[in-house]
Amino acid sequence: QVQLVESGGGLVQPGGSLRLSCAASGIMFSSYDMGWYRQAPGKQRELVASILTGGNLNYANSVKGRFTISRDNAKRTVYLQMNSLKPEDTAVYYCNARATVFNYWGQGSQVTVSS
């Protein structure tokens, strides 16, 4: 059974930092492209950042220079370090694992940026 379990969300003040983690099980982690998506109320889900199996990185323009995605294949975990958080970063953040025809999602982790 495939599981992607996110952790690390919460409430943070503007300008603060959070680190999200996504632990994977049931897949050959190193063979999957991993990504973080987010969905704010009333908006479509959007790609935040992705890290491919070869290490290529991709970021949404809105988070470039503030967020960093990384992966640890030995721990089967992908991370999203979020710095200089803004109220507009408030959303449910989802972990995604993708390979060929396979596409898996985590349950989501709420991130709220508010004073």
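Trainee: Go over the overall build of the protein with me, naming the residues and quoting the values.
Mentor: For the protein, the helix and strand inventory stands at zero helices and eleven strands. Going from N to C terminus, the protein has its helices and strands arranged as β-β-β-β-β-β-β-β-β-β-β. Taken against the 2.2 N^0.38 rule, which gives 13 Å for 115 residues, the C-alpha radius of gyration of the protein at 13 Å falls within 12% of a compact globule. Taken over the C-alpha atoms alone, the protein extends approximately 40 × 25 × 25 Å along its principal axes. Put simply, the protein has 115 residues, and 42% of those count as buried. Contacts in the protein between residues at least 24 apart in sequence constitute 54% of all its contacts with a sequence separation of at least 6. Per element, the accessible surface of the protein, about 6,100 Å² overall, is 48% carbon and sulfur. Side chains of the protein carry 11 positive and 6 negative charges; the gap between the two charge centres is 1 Å.

Trainee: Please set out the state of the cysteines residue by residue, giving values where relevant.
Mentor: Under the defined criterion, the tally for this structure stands at one disulfide. Paired by a disulfide, Cys 22 and Cys 95 hold their sulfur atoms 2.1 Å apart. Judged by the sign of its S-S torsion, about -80°, the cystine formed by Cys 22 and Cys 95 is left-handed. Here Cys 22, found in strand 3 (residues 18-25), pairs with Cys 95, found in strand 9 (residues 91-99); they are 73 residues apart in sequence, far enough to count as distant. For Cys 95, a relative accessible area of 0% puts it in the buried group.

Trainee: Run through the pairing of strand 1 (residues 3-7), naming residues and quoting values.
Mentor: Of the two faces of strand 1, the one lined by Leu 4 and Glu 6 is fully buried and the one lined by Gln 3, Val 5 and Ser 7 carries no buried residue. Pairing geometry for strand 1 and strand 3, over five bridges, is antiparallel. Bridge pairing in strand 3 places Leu 4 opposite Ala 24.

Trainee: Tell me what's going on with the side chain of Arg 71, and back it up with residues and numbers.
Mentor: Residue placement: Arg 71 occurs in strand 7 (residues 67-72). Despite its burial, Arg 71 pairs with no opposite charge; the closest candidate is Asp 33, at 5.2 Å N-O. A polar contact is formed between the side chain of Arg 71 and the backbone oxygen of Ile 51, at a distance of 3.3 Å. Only 3.0 Å separates the side chain of Arg 71 from the side chain of Asn 73, close enough to count as a polar contact. In this structure Arg 71 touches Phe 29, Ser 30, Tyr 32, Asp 33, Met 34, Ile 51, Leu 52, Thr 53, Thr 77 and Val 78, once residues within four positions along its chain are discounted.

Trainee: Before we move on, could you go through the sheet that holds strand 1 and cite the residues and values that matter?
Mentor: Across the sheet, which stays open at both edges, the four strands sit in the order 1-3-8-7 with antiparallel pairing between neighbours. On the outer flanks of this sheet lie strand 1 and strand 7, each paired with one strand and no other. Each strand axis lies, on average, 15° off the axis of its neighbour in the sheet, ignoring direction. Relative to strand 8 (residues 77-82), strand 3 is paired through six bridges, and the arrangement is antiparallel. From the neighbouring strand, Leu 18 faces strand 8, where its bridge partner is Met 82.

Calculation rules
- Going along each chain's sequence as written, the residues are numbered from 1 onward.
- Given that the model is predicted, a residue must reach a pLDDT of at least 70 before its local features are reported, and side-chain atom pairs must reach 80 or more before they are shown or counted; all residues, however, enter totals for whole chains, interfaces and linings.
- Where side-chain values are given, they derive from all heavy atoms of the structure, hydrogens and water being excluded.
- Working definition: helices are DSSP H or I runs of at least four residues, strands are E runs of at least two. Numbering for both runs from the N terminus.
- Put simply, the radius of gyration uses C-alpha atoms, and a globule should come to 2.2 Å times the residue count raised to 0.38.
- Partly exposed describes any residue whose relative accessible area lies between the buried limit of under 20% and the exposed limit of over 50%, with all areas from a 1.4 Å probe on protein chains only and scaled to the type maximum.
- The contact rule is simple, with two residues in contact once any of their heavy atoms fall within 4.5 Å.
- Accessibility throughout is a Shrake-Rupley quantity obtained with a 1.4 Å probe, and a residue counts as covered only by protein chains that appear here.
- His residues and chain termini do not enter the charge count, which takes Lys and Arg as positive and Asp and Glu as negative.
- For this purpose, a charge sits on NZ of Lys, CZ of Arg, CG of Asp or CD of Glu.
- The disulfide criterion used throughout: a pair of cysteine sulfur atoms within 2.5 Å.
- Strands qualify as paired when DSSP identifies two bridges or more between them.
- Each reported salt bridge corresponds to a side-chain nitrogen of Lys or Arg within 4 Å of a carboxyl oxygen of Asp or Glu.
- Polar contacts here mean pairs of N or O atoms no more than 3.5 Å apart (in protein, one a potential hydrogen donor and the other a potential acceptor; neighbouring residues in sequence count only if both atoms are side-chain atoms).
- Under this scheme, a helix contributes an axis fitted over its contacting stretch, all axes are lines through C-alpha atoms, and angles between N-to-C directions fall in the 0 to 180 degree range.

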